[in-house]
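The lines below spell out each chain.
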Amino acid sequence: MTKQFNNRFEQALDSGLPITIDGGLATQLEAQGCDIGTTLWSAALLQSNPSAVVTAHRAFLEAGADIIISASYQASIAGLAALGISLSAAEDLIASSVRLACTARDEFLEAHPNTDRSPLVAASIGPWGACQHDGSEYTGHYKIDDDALRIFHQQRLELLVCTNADLLACETIPNLREARVLSELLATARLPAWVSFCCRDESRLSDGTPLSDACALFREHPRVLALGVNCTAPQYVTALIGEMRAAAPDKAIVVYPNSGERYHAATNSWSGDASPAGFATYAEEWLHAGACLIGGCCRVGPEQIIAVHACLAS
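Owing to the predicted nature of the structure, the values given are computational and were not obtained by experimental measurement. (Residues numbered from 1 in each chain as written. Predicted model: local features only at pLDDT ≥ 70, side-chain atom pairs only at ≥ 80, totals over all residues. Heavy atoms only, no water.)

Undergrad: Explanation requested: empty space enclosed by the protein in the structure shown.
TA: Over the atoms rolls a probe the size of a water molecule, and its path tells where empty space is left. The tally for this structure, following the rule as stated, stands at 1 cavity of 30 Å³ or more. What lines the largest cavity is Ser76, Ile77, Ala78, Phe152, Gln155 and Arg156. Contributions of two or more residues to the lining of the largest cavity are made by α5 (77–81) and α7 (146–160). Residue contributions to the lining of the largest cavity peak at 3 residues, all from α7. Tallied by class, the residues present in the lining of the largest cavity amount to 3 nonpolar, 2 polar and 1 charged. (1 Å grid on protein atoms, 1.4 Å probe; cavity = no way out; pocket = protein on both sides within 12 Å on 5 of 7 lines; lining within 4 Å. Points joined across faces, edges and corners; volume = space filled by probe spheres on them. Helix = DSSP H or I, 4+ residues; strand = E, 2+ residues; numbered from the N terminus. Nonpolar A, V, L, I, M, F, W, Y, C, P; charged D, E, K, R; others polar.)

Undergrad: Sorry if this is basic, but what is going on with the sheet that holds strand β4 (residues 167–173) here?
TA: Backbone hydrogen bonds hold the strands of a sheet together, and the pairing may be parallel or antiparallel. If you walk across this open sheet you meet the 8 strands as β1-β10-β7-β6-β5-β4-β3-β2, and the pairing is parallel. What marks the edges here is a single partner per strand, and that holds for β1 (19–20) and β2 (67–69). Pairing geometry for β1 and strand β10 (residues 293–294), over 2 bridges, is parallel. Bridge pairing in β10 places Thr20 opposite Ile294. (Pairing = 2+ DSSP bridges.)

Undergrad: So what exactly am I meant to see when it comes to the side chain of Gln28 here?
TA: Take Gln28: it is sitting in helix α2 (residues 25–31). Assessed through its relative accessible area of 12%, Gln28 is described here as buried. Excluding its chain neighbours within four sequence positions, the residues that come into contact with Gln28 are Ala56, Ala59, Phe60 and Pro302. (Buried < 20%, exposed > 50% of the residue type's maximum accessible area, 1.4 Å probe, protein only. Contact = heavy atoms within 4.5 Å.)

Undergrad: What is the right way to read helix α6 (residues 87–111) from this model?
TA: Within an α-helix, residues lying three or four positions from one another point in the same direction, as the helix has 3.6 residues per turn. Over its 25 residues, α6 extends 36 Å from the first C-alpha to the last, a length consistent with the 36 Å expected when each residue adds 1.5 Å. Of all bends in α6, the biggest is about 30 degrees, found at Ser96. (Expected span 1.5 Å × (residues − 1). Bend = angle between axes of the 7 residues up to and from the residue.)

Undergrad: Just to check I follow, could you spell out the layout of surface pockets for this structure?
TA: Of the voids in this model, the largest pocket is the one considered here, and its volume is about 680 Å³. If you trace the largest pocket, you find 33 residues lining it, with Ala26, Trp41, Cys231, Cys297 and Cys298 closest to the centre. Mapped by element, the contributors of at least two residues to the lining of the largest pocket are α2 and β4. Top element by residues in the lining of the largest pocket is α2. It accounts for 5 residues. Within the lining of the largest pocket, the residues separate by chemical class into 16 nonpolar, 12 polar and 5 charged. In this structure, the second largest pocket occupies an estimated 430 Å³ of space. Listed by contribution, the elements that provide at least two residues to the lining of the second largest pocket are α1 (8–14), β1 and α12 (302–313). Taken together, the residues of the lining of the second largest pocket break down into 9 nonpolar, 5 polar and 4 charged.

Undergrad: Sorry, what's going on with the pattern of salt bridges here?
TA: Pairs can form between side chains of opposite charge once their charged atoms are near each other. Under the definition given, this model contains 11 salt bridges. Among the ionic pairs, Arg117 bridges to Asp66, the shortest N-O distance being 3.9 Å. Of this pair, Arg117 sits in the loop between α6 and β3 (120–125) while Asp66 sits in the loop between α4 (50–63) and β2; the two residues are 51 residues apart in sequence, bridging distant segments of the chain. Look at the salt bridges and you will find they share partners, linking Arg8, Arg105 and Asp166 into a network. (Salt bridge = Lys/Arg side-chain N within 4 Å of Asp/Glu carboxyl O.)

Undergrad: Honestly, the pairing of strand β7 (residues 252–256) in this entry has me stumped. Any pointers?
TA: Remember that side chains alternate between the two faces of the sheet whenever the strand is regular. The buried count for β7 comes to 5 of 5 residues, which makes it a mostly enclosed element. Residues Ala252, Val254 and Tyr256 point to one face of β7 and Ile253 and Val255 to the other, with burial holding for every one of them. Of the crossover connections in this fold, the one passing from strand β6 (residues 224–230) over helix α10 (residues 237–247) to the parallel β7 is right-handed. (Right-handed = clockwise from strand over helix to strand, strands pointing away.)

Undergrad: Mind showing me how you'd approach the packing of helix α11 (residues 276–289) against α12 here?
TA: Working note: a packed helix pair is described by the angle between its axes plus the distance between those axes. For the pair α11 and α12, interaxial distance at closest approach is 8 Å and the crossing angle is 40 degrees. In this view, α11 runs oblique relative to α12, as classed from their interaxial angle. Crossing angle aside, the handedness with which α11 passes α12 is right-handed. Across the interface between the two elements, Pro276, Phe279, Ala280, Ala283, Glu284 and Leu287 from α11 touch Glu303, Gln304, Ala307, Val308, Cys311 and Leu312 from α12. Class assignment for the residues of the contact of α11 with α12 results in 9 nonpolar, 1 polar and 2 charged. (Axes fitted to C-alpha atoms, helices over the stretch in contact; angles between N-to-C directions. Parallel < 35°, antiparallel > 145°, perpendicular 65-115°, else oblique. Left-handed = near helix turned anticlockwise from the far one by under 90°.)

Undergrad: Can you walk me through the nonpolar core in this structure?
TA: If you look at soluble globular proteins, the nonpolar side chains tend to sit buried side by side. Among the nonpolar cores identified, the biggest contains 88 residues, and Leu168, Leu186, Phe197 and Val255 are the most heavily contacted of them. If near-sequence neighbours (up to four positions away) are discounted, Leu186 is found in contact with Leu157, Leu168, Cys170, Ala193, Val195, His221, Arg223 and Val224. (Core = buried A, V, L, I, M, F, W, Y, C linked by side-chain atoms within 4.5 Å.)

Undergrad: Looking at this structure, I do not really get the environment of Val98. What am I missing?
TA: Mapped onto the elements, Val98 comes out in helix α6. For Val98, a relative accessible area of 1% translates into the label buried. Taking the C-alpha atoms as reference points, Val98 and Val237, 139 residues apart in sequence, are found 28 Å from one another. Residues within four places of Val98 in sequence aside, it is in contact with Ser70, Val121, Ala123, Leu160, Thr163, Asn164 and Ala165.

So this is what it looks like as structure tokens:
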């Protein structure tokens, strides 16, 4: 396939070296004492406490992340407008998510002038379901037609491709319809991208669609350079890597699953192994299975990313 880009993301992939992604931004913001229990989740801090977002990004950079993902996952024009924010202010807030990540990177590089690392900033594009506050990003059962879904994503894409982001991270995609819409929109995007799916088991998206069917949409895609899974139980990831490699053998593989813990609503508690060593063991397994970009999602903090970075570096 003829390469379409000569940019930092493509260069990082071409290096052949494993790449560490950050962990759960919301997880780190909560650890910093931030309240993210609003309809905008961590995106609310773009307006109320932007310095906290920079601090969270810095924590993952210090942990060894080569790519940090912006706080735009749950930020949408409609969601911000529902809070009384004007169109122009909403657009600026969404774009500011990338500016804050770039600020964190600049601060990191200034503090480490001798580093040989050159971190990238990925602009997060979360699924439509993440902005509905009904859990539909984990089921893929959407009450929206394709035209409206296309408008929803196009609005945010047009803003984020005009920022200084190095790439687009389309995340937690739970169904084939949304994957198809993004495939069409990304075909003419200025920035390269990865598309990462949310999966229910070792072979299917959250809505039950075979992962291989979703990956097939991007097999020859000129702008999407990597395919992956995130916000998925870690025990499924190795098998899912096999599914993706078979369906789209020319694409890089990106994985950043949840910690593996289980949430118990009745007691508001978590159980399971979230130790850095345990997560690093998974990371080594995923690397050998064929993933080249590895990080974490929910409940994965800087401690786990330190362990992942050490594992990949070795």
